[in-house]
Amino acid sequence: MAAVTVGDDAFVNEDGDTDVITPWSVQSKNDTGVDYDKLIKKFGSARIDDELLKRFEKVTGQPPHHFLRRGIFFSHRDMHTALDVYESGKSFYLYTGRGPSSDAMHLGHLISFLFCKWLQDVFDVPLVIQLTDDEKVIWKNLDLDDAIKLAHENAKDIIACGFNPDKTFIFSNLEHIGNNPAFYRNMIEIQKRVTFNQVKGIFGFGDSDPIGKISFPPTQAAPALSTTFPFIFKGAKVQCLIPCGIDQDPYFRMTRDIAPKLGIPKPALLHSIFFPALQGSKTKMSASEINSAIFLTDTPKQIKNKVNKNAFSGGQATVEEHRRLGGNCEIDTSYQWLKFFLEDDEKLEVLRKNYTSGDLLTGELKKELIDVLQKLISEHQARRSQVTDEVVEKYMVPRDLGFVLNK
Ligand code: TYM
């Protein structure tokens, strides 16, 4: 992909596209946010369509998760291949991750993990979770030991999502890679096959970026190759499936080029849209913009204040006008957020109709959202408080996860 570097963290395409999507920055000029159809074309992925949803249902015997039904996971690569593998009686494995840049994760980070938890439950497969503390040392200039601490703090939030302890391996890059020669070998296999020009094109790196950035992508790519984890897969070349925000796709486009050269299946992907910032869909929720985000550590009062003060409204300027013209759910943050977290389809549809007709006011819609979020976050906090350092340790020990290729 041709790209022009415009700064350390972002690039725009030479075609003048105003949506800027990289693993480090998401910006759109449109009120309704990123143009995902355009993105699918540009990235060369495929839309998750009704046929795929039906197949999901047939293979798993479960209705698709509401993230799938509502287009929150909207794009994929080779998901049919992963289902073929599963239907033929073989197992695949899941891989996802988190870059621990602060001790508090936000709601946007939960999306991939909640979805992974559902996938792990319905397919009963192993999951590896990479904590890229090394990435954050390089990008955010963090101290090495501080980054490892953040990785362990984030692991607690991840574990609180409910992953199966017998089938989940969570690792900090800084702690694990030095003890796993197979990981380093795969990084080298990838490094020798990717040129500087290619990473510049894929990630927008510039001449003044530290070489740590340029050499980092193989570190995120390697866990998509099952041979990276001999203690789990015992050398077998196993299909990988990666659920993630679509901002992470560049890493895996690169990985998919290389995997077949190593005799390993190309990793399949399921991509989510971005959970928008409170201020609206032009940008994703970001941990460095405190007022754009609800954190998993926020109190009920903070949640209420942030939503009431900052949630972008698709309603009208006065109550009279709102009753007459109705609100616009497409740009209203409260409605958009309810799509992610209000599981009840019927209730969501009633809220949509009433807001669109003007029967429901912005304040009332915000109240619905506040109730949903306060419950979600207080339940998360209760589970997290049970996750001790010893529990984290158990998930982070390299070990046999009972994987068998042919189920
Ligand atoms: P990180 O920590 O930026 O994000 C972790 C996961 O959350 C997704 N995400 C979002 N999804 C929806 N809406 C948002 N507003 C939002 N913000 C973040 C990201 O797409 C990601 O899936 N380098 C990675 C860590 C990583 C990784 C991986 C991610 C390592 N290996 C494999 C996915 C798959 C990172 O810094 O993610």
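No experiment lies behind these values; they were computed from the predicted model shown.

## A short note on the overall build of the protein chain
Of regular secondary structure, the protein chain possesses 20 helices and 13 strands. Over its C-alpha atoms the protein chain spans a radius of gyration of 21 Å, differing by no more than 12% from the 22 Å that the globule rule assigns to 407 residues. The dimensions of the protein chain, computed from C-alpha atoms along their principal axes, are 65 × 45 × 45 Å. Contacts spanning at least 24 positions in sequence make up 76% of the contacts within the protein chain whose residues lie at least 6 apart. Element-wise, carbon and sulfur atoms account for 50% of the exposed surface of the protein chain, whose accessible area totals about 17,500 Å². Averaging the coordinates of the 50 positive side-chain charges in the protein chain and doing the same for the 55 negative ones gives two points 2 Å apart.

## Notes on helix 14 (residues 249-258)
Of all 10 residues in helix 14, nine are buried; the element is thus mostly enclosed. For helix 14, the set of buried residues is Asp249, Pro250, Tyr251, Phe252, Arg253, Met254, Thr255, Arg256 and Ile258.

## Quick word on the pattern of salt bridges
Within the structure shown, the criterion is met by 25 salt bridges. In this structure, Glu87 engages Lys58 in a salt bridge whose closest nitrogen and oxygen atoms are separated by 3.8 Å. Of this pair, Glu87 sits in helix 4 (residues 79-87) while Lys58 sits in helix 2 (residues 50-60), placing them 29 residues apart in sequence. With a shortest N-O distance of 4.0 Å, Lys136 and Glu135 are connected by a salt bridge. With relative accessibility at 10%, the residue Lys136 sits in the buried group. By relative accessible area, Glu135 is classed as buried at 6%. Connected via shared salt-bridge partners are Glu153, Lys156, Asp157, Arg384 and Asp389.

## Some thoughts on the domain arrangement of the protein chain
Domain annotation for the protein chain reports domain 1 (10-277) and domain 2 (287-384). Listed by partner, the interface residues are 24 residues for domain 1 and 27 residues for domain 2. Across the domain 1 to domain 2 interface the summed buried area is about 2,300 Å²; carbon plus sulfur atoms make up 65%. On the surface where domain 1 and domain 2 come into contact, there are four salt bridges. Contributions of two or more residues to the side of domain 1 that touches domain 2 are made by helix 3 (66-69), helix 5 (107-123), helix 7 (144-159) and strand 12 (276-277). Residues that form the side of domain 1 that touches domain 2 fall into these classes: 14 nonpolar, four polar and six charged.

## Points about helix 7
Counted at 1.5 Å a residue, the expected span for helix 7 with its 16 residues is 22 Å, and the 23 Å between its end C-alpha atoms agrees. Among all positions in helix 7, only Ala147, Ile148, Leu150, Ala151, Asn154, Ala155, Lys156, Asp157, Ile158 and Ile159 are buried. One side-chain oxygen at the N-terminal end of helix 7 lies 3.1 Å from the backbone nitrogen of Asp145; it belongs to Asp143.

## A closer look at the side chain of Glu135
Among the structural elements, Glu135 can be located in helix 6 (residues 133-140). Setting aside chain neighbours within four positions, we find Glu135 in contact with Trp24, Gly99, Phe216, Gln220 and Tyr251.

## Some thoughts on the site of the ligand
Around the ligand, a shell composed of 25 residues is seen, among which Arg98, Gly99, Glu135, Asp247 and Phe275 lie nearest. Between the ligand and the protein, one listed contact pairs a nitrogen atom with a side-chain N or O atom of Gln248 at 3.4 Å. Relative to its free-state accessible area of 680 Å², the ligand is covered by the protein chains to the extent of 98%. Per-element tally for the shell around the ligand: the top contributor is strand 7 (residues 93-98), with four residues. Split into classes, the residues belonging to the shell around the ligand amount to eight nonpolar, 12 polar and five charged.

## Notes on the sheet that holds strand 6 (residues 73-77)
Here seven strands make up an open sheet; going across it, the order is 5-6-11-10-7-8-9 and the pairing mixed. A strand with exactly one partner marks an edge of an open sheet, and here the two such strands are strand 5 (46-47) and strand 9 (168-172). Bridge analysis of strand 7 against strand 8 (residues 127-131) gives five bridges, and the strand direction is parallel. For Thr96, the partnering residue across the bridge sits in strand 8 and is Ile129. Against the sheet, helix 14 makes contact with strand 6, strand 7, strand 10 (240-245) and strand 11 (268-272), and its axis sits at roughly 165° relative to strand 11, the strand it touches most. Across the sheet, helix 20 (residues 389-396) lies against strand 8 and strand 9, angled at about 100° from strand 9, the strand it touches most.

## What about the pairing of strand 11?
Across a regular strand the side chains alternate sides, sitting on one face of the sheet and then on the other. Summarising burial for strand 11: five of the five residues are buried, a large majority. Where burial is concerned, the two faces of strand 11 agree: the one with Ala268, Leu270 and Ser272 and the one with Leu269 and His271 are both buried. Bridging between strand 6 and strand 11 involves four bridges; their strand directions are antiparallel. In the strand pairing of strand 11, Phe73 is matched with Ser272. In this structure, strand 10 lies alongside strand 11, joined through five bridges in parallel fashion. Residue Gly245 lies in a different strand from strand 11, and its bridge partner there is Ser272. Running through helix 14, the crossover from strand 10 to the neighbouring parallel element strand 11 is right-handed.

Conventions and cut-offs
- Residues numbered from 1 in each chain as written.
- Predicted model: local features only at pLDDT ≥ 70, side-chain atom pairs only at ≥ 80, totals over all residues.
- Heavy atoms only, no water.
- Helix = DSSP H or I, 4+ residues; strand = E, 2+ residues; numbered from the N terminus.
- Rg over C-alpha atoms; globule rule 2.2 N^0.38 Å.
- Contact = heavy atoms within 4.5 Å.
- Areas by Shrake-Rupley, 256 points an atom, 1.4 Å probe, with all protein chains shown as cover.
- Lys, Arg positive; Asp, Glu negative; His and termini not counted.
- Charge placed at Lys NZ, Arg CZ, Asp CG, Glu CD.
- Buried < 20%, exposed > 50% of the residue type's maximum accessible area, 1.4 Å probe, protein only.
- Salt bridge = Lys/Arg side-chain N within 4 Å of Asp/Glu carboxyl O.
- Domains from an automatic or database assignment.
- Buried area = accessible area lost by both parts, 1.4 Å probe.
- Nonpolar A, V, L, I, M, F, W, Y, C, P; charged D, E, K, R; others polar.
- Expected span 1.5 Å × (residues − 1).
- Polar contact = N/O pair within 3.5 Å; in protein donor to acceptor, adjacent residues only side chain to side chain.
- Near = heavy atom within 4 Å.
- Pairing = 2+ DSSP bridges.
- Axes fitted to C-alpha atoms, helices over the stretch in contact; angles between N-to-C directions.
- Right-handed = clockwise from strand over helix to strand, strands pointing away.

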